[in-house]
Amino acid sequence: MKALSIYDILRRPLITEKGTNLQADGKYAFEVSLHATKHQIKTAVEQAFKVEVLAVNVMNIRGKTKRIKSGYTTDPSWKKAIVSLKAGDKIELFEGV
């Protein structure tokens, strides 16, 4: 299996209302690769943002099924990671949003 780079693992930050509420606790949400493990996600966040990660929680989000004119279609499934940082660490990408 091909090794994943930091930018293959971390697809994009999730900037939502629930995600911004988690920032007060030092937690940040990312969309990640379907094939990424918790250890790979932890390493990628630490290298990309120069912070110390305490925990990574991962959830698989199933794609929604929608009805169209002649049948059904399904959005692609994706993976979400909630990353908890050490007290005092921040990711500047999320600040001021």
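For the structure itself, consult the block above.
Reference entry: report on the structure contained in this document. Quick caveat: nothing in here was measured; it's all calculated off a predicted structure. (Residues numbered from 1 in each chain as written. Predicted model: local features only at pLDDT ≥ 70, side-chain atom pairs only at ≥ 80, totals over all residues. Heavy atoms only, no water.)

**Things to note about the nonpolar core**
Stage number 1. Of all hydrophobic cores here, the largest spans 16 residues; its most connected members are Leu 10, Phe 30, Ile 41, Val 45, Val 83 and Leu 85.
Stage number 2. When contributions to this core are tallied by element, the ones reaching two or more residues are strand 2 (27–32), helix 3 (38–49), strand 3 (53–61) and strand 6 (78–85).
Stage number 3. Apart from residues lying up to four places away in sequence, Val 45 is in contact with Leu 10, Phe 30, Lys 50, Val 51, Val 53, Val 83 and Ile 91. (Core = buried A, V, L, I, M, F, W, Y, C linked by side-chain atoms within 4.5 Å. Buried < 20%, exposed > 50% of the residue type's maximum accessible area, 1.4 Å probe, protein only. Helix = DSSP H or I, 4+ residues; strand = E, 2+ residues; numbered from the N terminus. Contact = heavy atoms within 4.5 Å.)

**As for the sheet that holds strand 6**
Neighbouring strands of a sheet are bound in pairs by backbone hydrogen bonds; such pairs are parallel or else antiparallel.
Stage number 1. Pairing is antiparallel in the open sheet, where four strands are placed in the order 1-2-6-3. Every interior strand has two partners, whereas the edge strands, strand 1 (10–13) and strand 3, have only one. Between one strand axis and the next, the sheet turns by 30 degrees as a mean value, whatever way the strands run.
Stage number 2. Direction of pairing for strand 3 relative to strand 6: antiparallel, over a ladder of eight bridges. Within strand 6, the residue paired with Asn 57 across the bridge is Ile 82. (Pairing = 2+ DSSP bridges. Axes fitted to C-alpha atoms, helices over the stretch in contact; angles between N-to-C directions.)

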